[in-house]
Amino acid sequence: MTPPRRGAEEDHESDAHSDPKPSVALSREQQRLHGALCELGETLGAMYLGGLQVLHDPANPDRVAQSAHSMRELMEKIGEVELTTAEGRSTRRMKNEVFNLRGAFTQAKRNSAGYSESGGWTGPFDGHLYRFLKKLNDFFDWVDSDRPSRRAQFQRTLVHLDPSGRPLAKPLRDRRYRAWREMWDFFQDTSHHRAFPGIDEFRRRIGELEVFLASVLVPRTFDDMDAIDALLKEAGDA
């Protein structure tokens, strides 16, 4: 008897959790980094490996942009994973919050004596307007606490990734942020076809990202530290 064929959803789920042999040979350092990323989350390891593999296919005319997309996503998601596991972000969603705020604003305009269609907001300041402003204040408090800026999110991620768990000194923290931001901008522009680096330059940029991630995820050797120092010095001089 022929066994029933699995549905498309089951096929997709199986593929998502499979661990195919990479079609690109990884160096020892890349293997170590890939393993460290997988320990944080299988998706992170898949992004990194996928970005390397698509770049390895010369028949793909868009391989650089597609690889850049994977690397940019890796830089974003590694921060989200760390913040989620270490601090427990809430389940509130920006879209829902904005819709709720718009509903409260519409209600305030409809009920407040200080608003008219012809004159707009002319006063007085009444309870309806007060309740809306309070909702607005709560919204911005949530944004500040639960949705940190890219800079703040990355700096917090560095603390979580560092085995010591201690905040970095400000000069080093600022240098690391500048290095990360420059790399993120590069992969962002490349993934959106706003920049068109050659293959050699792009591989060099991936190497910089690998060194950077290894500096916080992989046990450090003296050779690692020399490469890290050179990368941070270059970012600090930029």
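Everything below is about the structure printed above this text.
Below you will find a few notes about this structure. The model shown is predicted, which means the values in this text are computed figures rather than measured ones. (Residues numbered from 1 in each chain as written. Predicted model: local features only at pLDDT ≥ 70, side-chain atom pairs only at ≥ 80, totals over all residues. Heavy atoms only, no water.)

Let us look at the overall build of the protein. Helices and strands together make up the secondary structure of the protein, namely 10 helices and two strands. Moving toward the C terminus, one meets the helices and strands of the protein in the order α-α-α-α-α-β-β-α-α-α-α-α. Looking at the protein as a whole, 37% of its 238 residues qualify as buried. For the protein, long-range pairs separated by at least 24 residues make up 61% of all intrachain contacts whose partners lie at least 6 apart in sequence. Entry remark: accessible area of the protein is about 14,900 Å², with carbon and sulfur atoms responsible for 53%. (Helix = DSSP H or I, 4+ residues; strand = E, 2+ residues; numbered from the N terminus. Buried < 20%, exposed > 50% of the residue type's maximum accessible area, 1.4 Å probe, protein only. Contact = heavy atoms within 4.5 Å. Areas by Shrake-Rupley, 256 points an atom, 1.4 Å probe, with all protein chains shown as cover.)

Turning next to the packing of helix α3 (residues 42–55) against helix α9 (residues 199–217). Two numbers describe how α3 lies on α9: the axes approach to 12 Å, and their chain directions differ by 165 degrees. Put simply, α3 runs roughly antiparallel to α9. With respect to the hand of their crossing, α3 and α9 are arranged in left-handed fashion. In contact with Y48, L52 and L55 of α3, α9 contributes I199, F202, R203, I206 and E210. Residues of the contact of α3 with α9, tallied by class, amount to six nonpolar, no polar and two charged. (Axes fitted to C-alpha atoms, helices over the stretch in contact; angles between N-to-C directions. Parallel < 35°, antiparallel > 145°, perpendicular 65-115°, else oblique. Left-handed = near helix turned anticlockwise from the far one by under 90°. Nonpolar A, V, L, I, M, F, W, Y, C, P; charged D, E, K, R; others polar.)

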